[in-house]
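Observations on the three-dimensional arrangement
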Amino acid sequence: MGLRSWIKRKMGQAGPVVPVVRLHGVIAADQRPGRLNIETVAPLLKRAFAVKSAPAVAIIINSPGGSAVQSRLISKRIRDLADEHHKPVLVFVEDAAASGGYFIATAGDEIIADPSSIVGSIGVIFASFGFVETLKKVGVDRRVHTAGRNKSTLDPFLPEKPEDVERIKQMESEIHQVFIDWVKQRRGERLKASDDQLFTGEFWSGVKGLEFGLVDGLGDLHEVLQSRFGDKVELLPIAPKRGLLTLPRVGLAALTGDIAASIEDRSVWARLGL
């Protein structure tokens, strides 16, 4: 909070303060920059909910999804803190709250999206490559020795086995059901479409999301908070604490790194995720 805001508050001229947590990026357990996980997000949430005078906590989400586990952990932490501090949570969707991003969004008491936001994608994905024919062409033999007949499940250098695919599909189904149950628990009667429409992995614009009951309204952070708490409302950004040696990534290396990360993060390297 700046000096001017502090002086206004002391003089009784300032409006209410709303903490704002921005969750931007792919949801993953690793600690690379730009990742969302319980370790990086929990301290931000703790600081936001610790603002006793705040009438609500605002969370901005911009995420295409990622780890099913981290999505659930973050969402649960939001609800635990909201219940502990008795504060409503307003979630604002920017470009996307898709898949795991939508899982986290449903932790909010209300979800407000831009008309052009992407929401939904309530599904689970597992994807990989197969290099069996490539090995044959270059004359390389794959030698694998395991203890446990299923240890080499979906090895990309071995022919795919139907029983492996069946096990993966069963696991996907179980994780998908966790996702479905959470959305139904959080959204309840606000959902306005059938399960066959909502839970296929399809995604929609914010406009269609409102029609289906996936979001509660269309708008943006400043517009909604001013209408709720008055023109004098002040936003308190809750950002990660940066070390003295932390420098932003710039240039071509950063760009190519982001491209490589985005390829990996969409599960093409055989990762289960939302």
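As a reminder, the structure under discussion sits directly above these lines.
Here's what I pulled together on the structure shown here. (Residues numbered from 1 in each chain as written. Predicted model: local features only at pLDDT ≥ 70, side-chain atom pairs only at ≥ 80, totals over all residues. Heavy atoms only, no water.)

Some remarks on empty space enclosed by the protein
Taken as a whole and judged by the stated rule, the model has one cavity of 30 Å³ or more. The computed volume of the largest cavity comes to approximately 40 Å³. As for the largest cavity, its lining consists of S152, L154, D155, L158, P159, E160, K161 and D164. Of the residues assigned to the lining of the largest cavity, the class counts are three nonpolar, one polar and four charged. (1 Å grid on protein atoms, 1.4 Å probe; cavity = no way out; pocket = protein on both sides within 12 Å on 5 of 7 lines; lining within 4 Å. Points joined across faces, edges and corners; volume = space filled by probe spheres on them. Nonpolar A, V, L, I, M, F, W, Y, C, P; charged D, E, K, R; others polar.)

Remarks on a negative patch on the surface
On the surface, a cluster of negative charge is contributed by D95, D114, D220 and E223. Position of D95 among the secondary structure elements: in strand β5 (residues 89-98). (Patch = residues over 30% accessible without salt bridge, like charges linked within 9 Å, V, L, I, M, F, W, Y side chains within 5 Å. Areas by Shrake-Rupley, 256 points an atom, 1.4 Å probe, with all protein chains shown as cover. Salt bridge = Lys/Arg side-chain N within 4 Å of Asp/Glu carboxyl O. Lys, Arg positive; Asp, Glu negative; His and termini not counted. Charge placed at Lys NZ, Arg CZ, Asp CG, Glu CD. Helix = DSSP H or I, 4+ residues; strand = E, 2+ residues; numbered from the N terminus.)

Concerning the pattern of salt bridges
As enumerated under the stated definition, the model contains 13 salt bridges in all. When the shortest N-O distance is used, the salt bridge between R167 and D164 registers 2.4 Å. Residue R167 and its partner D164 are located together in helix α6 (residues 162-187), separated by three residues, close to a single helical turn. Relative accessible area serves as the criterion here: at 5%, D164 is assigned to the buried category. Between K184 and D195 there is a salt bridge, with the nearest N and O atoms lying 2.8 Å from each other. (Buried < 20%, exposed > 50% of the residue type's maximum accessible area, 1.4 Å probe, protein only.)

Description of the nonpolar core
Judged by nonpolar contacts, the single largest core of 47 residues is most densely connected at V21, L23, I59, I74, I78 and L214. Put simply, the parts of the chain that give this core at least two residues each are β1 (17-24), α2 (38-49), β4 (57-63), α3 (68-85), β5, α4 (100-105), β6 (110-113) and α6. (Core = buried A, V, L, I, M, F, W, Y, C linked by side-chain atoms within 4.5 Å.)

What about the side chain of N37?
With respect to the helices, strands and loops of the structure, N37 is situated in the loop between β3 (35-36) and α2. In this structure the side chain of N37 is engaged in a polar contact, spanning 2.9 Å, whose partner is the backbone oxygen of A28. For N37, the side chain forms a polar contact with the main-chain oxygen of D30, separated by 3.1 Å. Once you skip the residues sitting within four places of it in the chain, N37 turns out to touch A28, A29, D30, Q31, Q70 and I74. (Polar contact = N/O pair within 3.5 Å; in protein donor to acceptor, adjacent residues only side chain to side chain. Contact = heavy atoms within 4.5 Å.)

Details of the environment of D80
Mapped onto the fold, D80 is located in helix α3. A relative accessible area of 37% places D80 in the partly exposed class. Taking the C-alpha atoms as reference points, D80 and A107, separated by 27 residues in sequence, lie 9.7 Å from one another.

Section: the packing of α2 against α3
The N-to-C vectors of α2 and α3 enclose an angle of 15°; their axes lie 10 Å apart at closest approach. Taken together, the axis directions place α2 and α3 in an arrangement best described as roughly parallel. Note that α2 runs across α3; the crossing there is right-handed. Packed against α2, whose contacting residues are I38, V41, A42, L45, K46 and F49, the element α3 presents Q70, L73, I74, R77, I78, L81, A82 and H85 at the interface. (Axes fitted to C-alpha atoms, helices over the stretch in contact; angles between N-to-C directions. Parallel < 35°, antiparallel > 145°, perpendicular 65-115°, else oblique. Left-handed = near helix turned anticlockwise from the far one by under 90°.)

What to know about the packing of aromatic side chains
The geometry of an aromatic ring pair is captured by two quantities: the separation of the ring centres and the angle between the planes. Per the stated rule, a full pass over the model turns up five aromatic pairs. With 5.1 Å between their ring centres and 35° between their planes, F103 and F179 make a pair best called tilted. On the criterion of sequence distance, the pair formed by F103 in helix α4 and F179 in helix α6 is long-range, its members being 76 residues apart. Since its relative accessible area comes to 1%, F179 is described here as buried. A ring pair is formed by F129 and F131, whose centres lie 5.9 Å apart and whose planes are at 55°; its orientation type is tilted. Judged by relative accessible area, F131 falls into the partly exposed class, the value being 25%. In this structure an aromatic cluster arises from ring pairing among F103, F179 and W182. (Phe/Tyr/Trp six-rings, centres within 6.5 Å; stacked < 30°, edge-to-face > 60°.)

Section: a nonpolar patch on the surface
Side chains of V207, L210 and L218 sit close together on the surface and give an oily, nonpolar patch of about 220 Å² of accessible area. Looking at the secondary structure, you find L210 in helix α8 (residues 206-212). We classify L210 as partly exposed; its relative accessible area is 34%.

Some remarks on α2
Taking 1.5 Å per residue, twelve residues should reach 16 Å; α2 reaches 16 Å between its end C-alpha atoms and fits that length. Buried residues of α2: I38, V41, A42, L44, L45, A48 and F49, and no others. Each element contacted by the buried residues of α2 is listed here: β1, β3, β4, α3, β5 and β10 (234-238). (Expected span 1.5 Å × (residues − 1).)

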